[in-house]
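In case you want the letters, here they are:
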Amino acid sequence: QVHVVESGGGLVQAGGSLRLTCTASVGKLRILLMEWYRQSPGNERKMVAGMTASGRKYYKDSVKGRFDISRDSAKNTGFLQMNNLEPEDTAVYSCKVRVDHEVGVHDYWGQGTRVTVSS
């Protein structure tokens, strides 16, 4: 059974920083992809950062230069370092992990962690 848990959210002032953590319990299965999404009331859920198994990183344009995605492969743990936070970054942030099963790939989601940025 695959289990994904996010942590690290909180309330910060504009210009501050937070580091989110995504821990994936996948047993011996292979992680193909890890992505971070965010959703605020009245808006669609949007991808903000991702990292492939080969190490390629990609970001939503509005967070480029401010956010950095990384991983600790030995612990199946990913991180999202968020700097120079803006009120527009306020949202629930969720981690999606894509896992290679014998029957095909499947995506697993954590419960989300809330980030609030005050002006």
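Bear in mind the structure is a predicted one, so any value in this text is a computation, not a measurement.

Reading the values: rules and limits
Per chain, residues are indexed from 1 in the order of the written sequence. Where totals are concerned, whole chains, interfaces and linings use all residues; where local detail is concerned, this predicted model gives features only for residues with pLDDT of at least 70, and gives and counts side-chain atom pairs only at 80 or more. Hydrogens are left out, water is left out, and the side-chain values use all remaining heavy atoms of the structure. Only the six-membered ring of Trp is used, alongside the rings of Phe and Tyr, when aromatic pairs are assigned; centres must lie within 6.5 Å, and planes under 30 degrees apart are stacked while those over 60 apart are edge-to-face, with the rest tilted. In DSSP terms, a helix is any run of H or I states spanning at least four residues, a strand is any run of E spanning at least two, and both are numbered starting from the N terminus. Working definition: with a 1.4 Å probe on protein chains only, accessible area under 20% of the residue-type maximum means buried, over 50% means exposed, and in between means partly exposed. Charges are assigned to positions over rings by a cutoff of 6 Å between ring centre and Lys NZ or Arg CZ, combined with an angular limit of 35 degrees from the ring normal. In protein, a polar contact requires one atom able to donate a hydrogen and another able to accept it; more generally it is a pair of N or O atoms within 3.5 Å, and residues adjacent in sequence count only if both atoms are side-chain atoms. Two residues qualify as a contact provided that any one of their heavy atoms is within 4.5 Å of a heavy atom in the partner residue. A pocket here means an open set of points on a 1 Å grid, computed over the protein atoms alone, that has protein on both sides within 12 Å along at least five of seven lines. A cavity is instead a set of points where a 1.4 Å probe fits but cannot get out; residues with an atom within 4 Å of a point line either one. Grid points are joined across faces, edges and corners, and a volume is the space filled by probe spheres set on the points. The nonpolar class holds Ala, Val, Leu, Ile, Met, Phe, Trp, Tyr, Cys and Pro. Asp, Glu, Lys and Arg form the charged class, and all remaining residues, Gly among them, are polar. Any two cysteine sulfur atoms lying within 2.5 Å of each other are counted as a disulfide.

### Some remarks on the packing of aromatic side chains
Argument step 1. Going through the model one piece at a time under the given rule, you end up with one aromatic pair.
Argument step 2. When the ring of Tyr-37 is compared with that of Trp-109, the centres are 5.0 Å apart and the planes differ by 55 degrees; the resulting orientation is tilted. Of the two residues, Tyr-37 is situated in strand β4 (residues 30–39) and Trp-109 in strand β10 (residues 104–109); the sequence distance between them amounts to 72 residues.
Argument step 3. Residue classification places Tyr-37 among the buried residues on the basis of a relative accessible area of 14%.
Argument step 4. Look at Trp-109 and you get partly exposed, because its relative accessible area is 34%.
Argument step 5. Above the plane of the ring of Phe-79 lies Arg-19, whose end atom (NZ or CZ) is 3.9 Å from the centre.
Argument step 6. The ring of Tyr-37 is capped by Arg-45, whose NZ or CZ atom sits 5.8 Å from the centre of that ring.

### Details of the side chain of Ser-40
Argument step 1. Its location among the elements puts Ser-40 in the loop between β4 and β5 (46–52).
Argument step 2. Only 2.6 Å separates the side chain of Ser-40 from the side chain of Asn-43, close enough to count as a polar contact.
Argument step 3. Not counting the four nearest positions on each side in its chain, Ser-40 is found in contact with Thr-90 and Ala-91.

### Examining unusual backbone geometry
Argument step 1. The residue Asn-76 is not glycine, and still its phi comes out positive at about 50 degrees.
Argument step 2. By the secondary structure assignment, Asn-76 is in the loop between β7 (67–72) and β8 (77–82).
Argument step 3. Residue Asn-76 is classed as partly exposed on the basis of its relative accessible area of 27%.

### A look at the layout of surface pockets
Argument step 1. In this structure, the largest pocket encloses a volume near 200 Å³.
Argument step 2. Along the walls of the largest pocket sit 14 residues, with Ile-31, Met-34, Arg-71, Ser-73 and Asn-76 positioned nearest its centre.
Argument step 3. Put simply, the parts of the chain that give the lining of the largest pocket at least two residues each are β4, β5 and β7.
Argument step 4. Its residues placed into classes, the lining of the largest pocket shows seven nonpolar, five polar and two charged.

### Considering the state of the cysteines
Argument step 1. Following the criterion strictly, the structure yields one disulfide and no others.
Argument step 2. Bridging Cys-22 to Cys-95, the disulfide has an S-S length of 2.0 Å. Since a negative S-S torsion denotes a left-handed disulfide, the Cys-22-Cys-95 link at about -75 degrees is left-handed. In this pair, Cys-22 sits in strand β3 (residues 18–25) while Cys-95 sits in strand β9 (residues 91–101), placing the two residues 73 residues apart along the sequence.
Argument step 3. Relative accessible area serves as the criterion here: at 0%, Cys-22 is assigned to the buried category.
Argument step 4. What makes Cys-95 buried here is its relative accessible area of 0%.

All we've got here are geometric facts, nothing functional implied.
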